[in-house]
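# Summary of structural features
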Amino acid sequence: VAFGVDMGYFDRLYRSLRLGESSRLVLVRRDGWVIMETPLTSQVMDRNLATTPLFRQLGQAPTGVYESEHSTIDGKTRVVGYASLPQAQVIAAASVGRDEVLQPWVTRTWQVAGLGILSTLLLLGLLRFLWLRLADLETTQEGLASRNEELDAARRRFQDLVDGIDGIVWEATLPHFHFTYVSGNAEAISGYDAGRWVEDPHFWRDILCAAPDGKRTELVYAIDGPGIFKPMEHHIVAPDGREIWLRSNVMLADSGRDRLEVRGITIDITGQKQSEQQLFQAVHVDPLTRLPNRRAL
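Residues numbered from 1 in each chain as written. Predicted model: local features only at pLDDT ≥ 70, side-chain atom pairs only at ≥ 80, totals over all residues. Heavy atoms only, no water.

### Comments concerning unusual backbone geometry
Just so we agree on the cut-off: Starting at the N terminus, helices and strands are each numbered in turn, a helix being any DSSP run of H or I of at least four residues and a strand any DSSP run of E of at least two. The buried label goes to any residue with under 20% of its type's maximum accessible area, the exposed label to any with over 50%, and the partly exposed label to all in between, with areas taken from a 1.4 Å probe on protein chains only.
Phi angles above zero are rare outside glycine, and Phe177 is one such case at about 55 degrees. Looking at where Phe177 falls in the secondary structure, it is placed in the loop between β6 (168-173) and β7 (178-182). Residue classification places Phe177 among the buried residues on the basis of a relative accessible area of 2%. If you check the backbone angles, Arg290 has positive phi at about 65 degrees while not being a glycine. Position of Arg290 relative to the elements: it lies in the segment after α8 (270-284).

Here it is, written out as structure tokens:
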């Protein structure tokens, strides 16, 4: 019994999947000759892939995924997946450019970073406004009972606002980063309560600047703009044994006193670090054997 299938059918089917600009779908015979490829070209049946990494991988496992540094399609790095059955004479393979695979993650990372920086600047500006407002109330309304109640209410609103932020808001003096104020949500995010942050004059050095193995890691305080430090990352161990990644966004503060002060927000980036590790594993570890792949070597 013989039957035929119009190759245009496969081409229309593959195009309807919309897998990306760099995606290629191929049907190959076991002798290496290509019988179908999308995008469809007139030279599709003149190609033989018997000497390509696809057939070397096929000799090791009937189904798998690998990374080709120099693809025969466009000479670029591509992620290739293939599947076959012992009783079938046709092998299906799909490939996509590694840059296109990583592009959504890269775009999302830049979006999150941009939103984080913008929200940090807005929050610090808001905190500065509220702080100045509270200072004015303390100076002009001192001694008046009704004004004291208003001041207490403003303080409560300020504290509720700060504690509701998904990050630790703090203030510290230079050069040793001695904390003079820490928001009440410090324990929920870092595992250390706000009292520990303020009471321990070496908390920045001994906890935030110490690796999980206890060794100190000197942070580089690089300036990213007028009065703004570049974000600093901390890998700490909470009292309950959890390893936590934090990122501090810091800016110089005009305190009006004879000392340098900084204010900042420290957020939990443990989930982002875990995603980066998973992405690293996906690129460097073979999903079938769980062993380091050629790129890792």
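Here the narrative resumes, following the displayed structure.
### A short note on the confidence of the model for the chain
The line we're drawing: A score from 0 to 100, pLDDT tells how confident the predictor is in each residue.
Taken as a whole, the chain shows an average pLDDT of 80; of its residues, 84% reach a score of 70 or greater. Averaged pLDDT values for the elements of the chain fall to 57 in strand β8 (residues 223-225) and rise to 90 in helix α6 (residues 194-199).

### Let's talk about helix α2 (residues 53-60)
Put simply, the test is: In this description, the arc belongs to the directions extending from the helix axis to the C-beta atoms. In what follows, residue pairs with any heavy atoms lying within 4.5 Å of each other are defined as contacts.
Among the residues making up α2, those that are buried are Leu54, Phe55, Gln57 and Leu58. Around the axis of α2, the buried residues are gathered within 160 degrees of arc, so they sit on the same side. In this structure, α2 carries Gly59 and Gln60 as exposed residues pointing more than 90 degrees from its buried face. At its buried positions, α2 is contacted by β1 (24-29), β3 (63-68), β4 (78-83) and β5 (90-97).

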